Amino acid sequence: MAREKCFLNLSSDESSESSDALLPEKDDHLDLLDSSSAIQTKPGWKAMPYILANESIEKMATYGLTTNFMVYLVREYHMDQVSAANILNIWTCGYSLLTIVGASVADIYLGKFLTIALASLATLVGMVTITLTAFVPQLRPPPCFIDGQQHLKHCISNTKTQLGFLLVGLSWLAIGTGGIRPCSIPFGIDQFDSTTVEGRKSIHSYFNWYYTSSTVVMLINQTLVIYIQDSVSWAWGFSIPTLLMSCAIALFLAGSQIYHHLKPEGSTYVSFAQVLVAAYKKRHLKLHDNERVLGVFSDVSLDGNVVLSKLPLAAQLSSLKKAALVVDDDLKDDGSCANPWRLCSIQQVEEVICFMKILPIWASGGICFMTYAQEGTFVVSQALKMDRHIGPNFQMPAGSIKMMSLISLCICLPFYDRVLQPALKKITKHENGITTLQRIGLGYLFSILFAAVAGLVEQQRRASALSHASADGVAPMSLFWLFPQLMLLGLFELFGVVGHIELYNKEFPEKMRSIANSLIYLCVAGGTYLSTLVVSIVYRVTGKHGQPNWLGNDINAGRLDYFYFLIAALGVLNFVYFWSCARGYTYNYKANVNAVETIQTDILV
């Protein structure tokens, strides 16, 4: 019976494949569980005050430090805008890439809790280092001075030591951010029991409330924190986020006895490599469709414990399943696998297939996140050439225009979670109202509408500015004309961004969720650099033969509206690609739920 534990039993209602190898049959019931194991009780919402409050404070701290950082580099370090922008872009790219390292460390070695704790300490070290540059005058260049005779402003650039100290702080901050970002969401999900309907509903609500808290934090940073940094002092503006980060670490550690801790299960990358190597070695074997044979595939957990995220047998990439075919001397006498580079479990194979299935969906996010990148660039350019007065004595800073999309998101997320989703559930009979891919598709449509509406508004703004021909080129149009496009951008975040987060966390098994969340940040980074590429191409191609450059410095002379329409057209093509990928996609989490419910019934019986 020891050898039989390694075989997968295919029931009569499942599609299966068989090999030409003659294999021993096993009992009707494959016990994926250790009979002495019980489904652990998870804390659920009991742990959320610690986790969500920690996430909110941590984001307020890190975003509060970096939201206005370009202004700090220009004003205090006397950098030109290109150098300052390059430093921030390198930092953003660095922590985006480090999310893969942080996710791998969490899933393979340390676990999510310990990774978040250590990464938080690294973040705190980085924040203290950067805060010191604002407190200690010797760590930054001296203030600029005015030449009394020539009335010129003279500034001394930073020294290598001053720049090096600043970069050390940013490096520690990137290391910490790379460890926290991919682990925070899956660690929260680990606290819920995904084997129950209530647990799955709670996970869905957790995604929404997680993003709501992040949005509120961004709104506070866009107003209060930036005001302190600009109007009070940089030292206080950096000290407050640093103090908040210390509180976030203490709060996170306070809940350590409540959290459910999922143990790491070894290297995912080695497991992937073993599947590919084993499938190649057994490439000569055949899989026959529509045949139902017992004992074909190896299917045993590494530790014999409960498998809560057991993936279903997928129809795609079936050739990889040859890696799990048991032939010849693949098994030892005790039933264990003799060579993991020749025989893998069917779950190892399905994890590889799961990753490959999601890659096309992930790739579609690049163009949509490219649309999202316009909020901090050309939307601000539009705001600079519009009437930004709110009342007779107050003028909104152009950089605070993001508040409009954040406010709409803060309103729409709770409304969707508490009102719209339950209403959709009654109509569609789906436990979440709509499927995850439908949610992502709606987000893509909103991103297309954003670009189209932005182009139409820009046409009106440009025509108004040219007709009035004011000296500063400002059109007599209220800044609030930008609200419709920014509201659509907020809806893209609600459906598209949160949809991606939900898809990765539901489809990947527990041991891969941190790595799955790193895909989100790679998608954001890819969209940002794709935006840079498209802008560079448009800037080089347009503006020839006497025609205005679409993206010239003077947007009244340029054709920013044409650029928005180009983004909308790319979005339409991307939506068609996404639709073609999504229509043939089969969800893993539905089968996981059915499998676990069957296992629980067997235990009770």
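For the structure itself, look to the data block above.
Given the structure is predicted, the values throughout are model-derived calculations rather than measurements.

Asker: What should I look at first to understand helix H15 (residues 513-541) in this one?
Answerer: Residue pairs three or four apart in sequence face the same way in an α-helix, which turns once every 3.6 residues. Look at H15: 42 Å from first C-alpha to last across 29 residues, which is about the 42 Å you get at 1.5 Å a residue. At the C-terminal side of H15, glycine 543 shows a positive phi close to 85 degrees.

Asker: I'm lost on the packing of helix H6 (residues 197-232) against helix H7 (residues 234-254) in this one. Help?
Answerer: Helix-helix packing: each pair is described by the crossing angle between the helix axes and the interaxial distance. It is the contact of H6 with H7, at a shortest axis distance of 6 Å, that shows an interaxial angle of 150 degrees. For the element pair H6 / H7, the angle class is roughly antiparallel. Contacts between H6 and H7 pair Val225, Ile228, Gln229, Asp230 and Val232 from the former with Trp234, Trp236, Gly237, Phe238 and Ile240 from the latter. Class assignment of the residues belonging to the contact of H6 with H7 gives a composition of 7 nonpolar, 2 polar and 1 charged.

Asker: For this particular structure, what's the right way to read the pattern of salt bridges?
Answerer: Here the idea is simple: oppositely charged side chains can pair when their charged atoms come close. Evaluation of the coordinates by the stated rule reveals 7 salt bridges. A salt bridge links arginine 439 to glutamate 502; the shortest N-O distance between them is 3.2 Å. Of the two residues, arginine 439 is situated in helix H13 (residues 436-468) and glutamate 502 in helix H14 (residues 483-507); the sequence distance between them amounts to 63 residues. In terms of burial, arginine 439 and glutamate 502 fall into one category: buried. Through salt bridges with shared partners, a single ionic network connects Arg439, Glu502 and Lys506.

Asker: What should I look at first to understand unusual backbone geometry in this one?
Answerer: Peptide bonds are trans in most cases, and residues, glycine excluded, mostly fall at negative phi. One non-glycine residue, histidine 78, lies in positive phi territory at about 55 degrees. Residue placement: histidine 78 occurs in the loop between helix H2 (69-76) and helix H3 (81-110). For histidine 78, a relative accessible area of 18% translates into the label buried.

Definitions and limits used
Residues numbered from 1 in each chain as written. Predicted model: local features only at pLDDT ≥ 70, side-chain atom pairs only at ≥ 80, totals over all residues. Heavy atoms only, no water. Helix = DSSP H or I, 4+ residues; strand = E, 2+ residues; numbered from the N terminus. Expected span 1.5 Å × (residues − 1). Axes fitted to C-alpha atoms, helices over the stretch in contact; angles between N-to-C directions. Parallel < 35°, antiparallel > 145°, perpendicular 65-115°, else oblique. Contact = heavy atoms within 4.5 Å. Nonpolar A, V, L, I, M, F, W, Y, C, P; charged D, E, K, R; others polar. Salt bridge = Lys/Arg side-chain N within 4 Å of Asp/Glu carboxyl O. Buried < 20%, exposed > 50% of the residue type's maximum accessible area, 1.4 Å probe, protein only.

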